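Analysis of the macromolecular model
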Amino acid sequence: MSGFKMTLIACQQCGRRIMVRMADAERGTITCSHVGCGAVNILQTAFHYDEAIVQGLPEFGHLTYIGKPGRIYPLQFGQNSIGTADSCTVQIERFQHNGRCFISRRHCTLTVSFDKWRGRLRYQLQDGVLDGELRQLHSSLNGTLLNETPLQKMELIDVDHESVITLGGVDRFRLTHYFIPSTMLDTYKVDLSFNPDRTE
Ligand SMILES: [Zn+2]
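Please read all numbers here as calculations on a predicted model, not as lab measurements. (Residues numbered from 1 in each chain as written. Predicted model: local features only at pLDDT ≥ 70, side-chain atom pairs only at ≥ 80, totals over all residues. Heavy atoms only, no water.)

So, the coordination of the zinc ion
The protein atoms donating to the zinc ion are Cys11 (SG), Cys14 (SG), Cys32 (SG) and Cys37 (SG), with metal-donor distances spanning 2.2 to 2.4 Å. Each of the four donor atoms bound to the zinc ion contributes to angles spanning 105 to 113°, and the resulting shape is tetrahedral. Sequence spacing of the donors to the zinc ion: C-x2-C-x17-C-x4-C. A residue pair is termed long-range when its members are at least 10 positions apart, and cysteine 14 in the loop between strand E1 (7-10) and strand E2 (17-20) and cysteine 32 in the loop between strand E3 (29-31) and strand E4 (40-49) qualify at 18 residues. (Donors = N, O, S within 2.8 Å, 3.2 Å for Na, K, Ca; no water. Tetrahedral: all angles 85-135°; square planar, octahedral: opposite > 155°, others 65-115°. Helix = DSSP H or I, 4+ residues; strand = E, 2+ residues; numbered from the N terminus.)

Next up, the structure:
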């Protein structure tokens, strides 16, 4: 338990202050030391995970083209522009359907961030890509669907593990999240403070 700091909490029963030590924190309870009280307070740990953890991750998930197994597109941390242009973070080939390609050069954006409270990566999808100096959002020509539902303009939506993203109404990709191993998460856990559990 690194980063542990001794903390004062108010006793749930008598309201007087009691000192939480590491042993109490590990046990998860503290008995009030004040005369005439002795109430057992349940400790609730408040913590988050250090964002530096992302620097040590081996990967950040990927997209798999459905219909052509083996066609895998790795994702980066941060914004991934997706399209057929070679300037995209994730360059997709121009899949042809009756001689036509329905994926735009710069089609959509998938942003990978770290949720420090839940200790996992978050994936958010938006149709279009931010372009130029003014960082204006340029929509795709044929739209983006998440699990068969079209994204609205400017809509930013969370994408769950194994969700299907459809580009241009035809080409489908399955998102695979990268899950941070719990053993690694434990070493990046930061204890913030201790609060008496108000539900007890
Ligand atoms: Zn007390």
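There is more to say after this.
Here we look at the UniProt feature "domain: FHA" (unreviewed entry) in the chain
Those places that UniProt annotates as "domain: FHA" (unreviewed entry) correspond, in this numbering, to residues 75-151. Taken as a whole, residues 75-151 contains 0% helix and 45% strand, while its terminal C-alpha atoms sit 20 Å from one another. (UniProt positions renumbered as here; feature names shortened; annotations may be inferred.)

Description of the sheet that holds strand E10 (residues 120-127)
With mixed pairing, the five strands of this open sheet are ordered in space as E8-E7-E9-E10-E15. What marks the edges here is a single partner per strand, and that holds for strand E8 (90-91) and strand E15 (157-158). With eight bridges joining them, strand E9 (residues 108-115) and E10 adopt antiparallel strand pairing. Paired with valine 112 across the two strands is tyrosine 123, which belongs to E10. (Pairing = 2+ DSSP bridges.)

Comments concerning the pairing of strand E17 (residues 171-176)
What you see with E17 is a clean split: Asp171, Phe173 and Leu175 sit on the buried side and Arg172, Arg174 and Thr176 on the side with no burial. As paired strands, strand E5 (residues 62-65) and E17 are joined by four bridges and run antiparallel to one another. When the bridges of E17 are listed, leucine 63 appears paired with leucine 175. Bridge count between strand E16 (residues 164-167) and E17: four bridges; the pairing is antiparallel. Within E17, the residue paired with threonine 166 across the bridge is arginine 172. Connecting E16 to the antiparallel partner E17 that follows it, the hairpin turn spans three residues, and glycine 168 within it adopts a positive phi of roughly 65°. (Buried < 20%, exposed > 50% of the residue type's maximum accessible area, 1.4 Å probe, protein only.)

Here we look at the environment of methionine 6
Along the chain, methionine 6 turns up in the segment before E1. When its relative accessible area of 53% is taken as the criterion, methionine 6 is described as exposed. Separated by 42 residues in the primary sequence, methionine 6 and histidine 48 have C-alpha atoms spaced 17 Å apart.

With respect to the pattern of salt bridges
Taken as a whole and judged by the stated rule, the model has five salt bridges. Here aspartate 24 ties to arginine 27 by a salt bridge, and the two come within 3.3 Å at their closest N and O atoms. In this pair, aspartate 24 and arginine 27 both sit in helix H1 (residues 22-27), three residues apart, roughly one turn of the helix. For the salt bridge of glutamate 148 with arginine 172, the shortest nitrogen-to-oxygen distance reads 3.7 Å. With glutamate 148 in the loop between strand E13 (144-146) and strand E14 (149-150) and arginine 172 in strand E17, the pair connects residues that are 24 residues apart, well separated along the chain. (Salt bridge = Lys/Arg side-chain N within 4 Å of Asp/Glu carboxyl O.)

Let's talk about the domain arrangement of the chain
According to the domain assignment, the chain contains domain 1 (7-51 + 191-196) and domain 2 (58-179). Distance between the C-alpha centres of domain 1 and domain 2: 45 Å. When domain 1 packs against domain 2, the two sides together hide about 480 Å² of surface, and 65% of this comes from carbon and sulfur. Of all residues in domain 1, the largest losses of buried area upon contact with domain 2 belong to His48, Tyr49 and Glu51, amounting jointly to 81% of the total for that side. (Domains from an automatic or database assignment. Buried area = accessible area lost by both parts, 1.4 Å probe.)

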